[in-house]
Amino acid sequence: MRCKEFVFLQSSGQIPTMGWWRRSSTLAHVWICRHCRSFRHNDELLTAYVAQLHAHWDAADQQAK
Ligand SMILES: [Zn+2]
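Residues numbered from 1 in each chain as written. Predicted model: local features only at pLDDT ≥ 70, side-chain atom pairs only at ≥ 80, totals over all residues. Heavy atoms only, no water.

**A word on the overall build of the protein**
- If you tally the helices and strands in the protein, you get three helices and zero strands.
- The order of α-helices and β-strands along the protein, N terminus first, is α-α-α.
- Scaling as 2.2 N^0.38, a compact globule of 65 residues should have a C-alpha radius of gyration of about 11 Å, whereas the protein reaches 16 Å, well beyond that.
- Its C-alpha atoms put the protein at 50 × 25 × 15 Å along the principal axes.
- Counting the 65 residues in the protein, one finds 17% classified as buried.
- Sequence-distant contacts in the protein: of pairs separated by 6 or more residues, those separated by 24 or more amount to 46%. (Helix = DSSP H or I, 4+ residues; strand = E, 2+ residues; numbered from the N terminus. Rg over C-alpha atoms; globule rule 2.2 N^0.38 Å. Buried < 20%, exposed > 50% of the residue type's maximum accessible area, 1.4 Å probe, protein only. Contact = heavy atoms within 4.5 Å.)

As structure tokens, then:
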């Protein structure tokens, strides 16, 4: 697997939907590639942040009603 392919799969959120063989090749890639490891880390932080933001917006919507 190339970095470009990994970044595409990670950023499009496809990895959880892939078969175990493809998923294990993404794991093998982040294990050997520190660039993609830090990319994945940042992507996970960003995903968590966006989820918090959505929760905040939902709470603000509830108050507005
Ligand atoms: Zn890589």
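**Digging into the coordination of the zinc ion**
- Only Cys3 (SG), His29 (NE2), Cys33 (SG) and Cys36 (SG) from the protein coordinate the zinc ion, and they sit 2.0 to 2.3 Å from it.
- Here the zinc ion is ringed by four donor atoms whose angles at the metal span 97 to 115°, and the overall shape comes out tetrahedral. (Donors = N, O, S within 2.8 Å, 3.2 Å for Na, K, Ca; no water. Tetrahedral: all angles 85-135°; square planar, octahedral: opposite > 155°, others 65-115°.)

**Details of the packing of helix α1 (residues 3-11) against helix α2 (residues 20-32)**
- Two numbers describe how α1 lies on α2: the axes approach to 11 Å, and their chain directions differ by 115°. α1 and α2 meet at a crossing whose hand is left-handed. Between α1, through Cys3, Glu5, Phe6 and Leu9, and α2, the contact on the second element is made entirely by Arg22, Thr26, His29 and Val30.
- Grouping the amino acids of the contact of α1 with α2 by side-chain chemistry returns four nonpolar, two polar and two charged. (Axes fitted to C-alpha atoms, helices over the stretch in contact; angles between N-to-C directions. Left-handed = near helix turned anticlockwise from the far one by under 90°. Nonpolar A, V, L, I, M, F, W, Y, C, P; charged D, E, K, R; others polar.)

**Some words on the nonpolar core**
- Within the largest apolar cluster, seven residues are counted, these being Phe6, Leu9, Ile15, Met18, Val30, Cys33 and Cys36.
- Contact partners of Met18, with chain neighbours within four places excluded, come to Leu9, Arg23 and Thr26. (Core = buried A, V, L, I, M, F, W, Y, C linked by side-chain atoms within 4.5 Å.)

**Some remarks on the packing of aromatic side chains**
- One pass over the structure, following the stated rule, counts one aromatic pair.
- With a centroid separation of 5.9 Å and an interplanar angle of 80°, the aromatic rings of Trp20 and Trp21 are classed as edge-to-face. (Phe/Tyr/Trp six-rings, centres within 6.5 Å; stacked < 30°, edge-to-face > 60°.)

**Structural notes on a nonpolar patch on the surface**
- Taken together, the side chains of Leu46, Tyr49 and Val50 present a nonpolar region at the surface, about 290 Å² in accessible area.
- Leu46 gets classed as exposed once you look at its relative accessible area, which sits at 51%. (Patch = residues over 30% accessible without salt bridge, like charges linked within 9 Å, V, L, I, M, F, W, Y side chains within 5 Å. Areas by Shrake-Rupley, 256 points an atom, 1.4 Å probe, with all protein chains shown as cover. Salt bridge = Lys/Arg side-chain N within 4 Å of Asp/Glu carboxyl O.)

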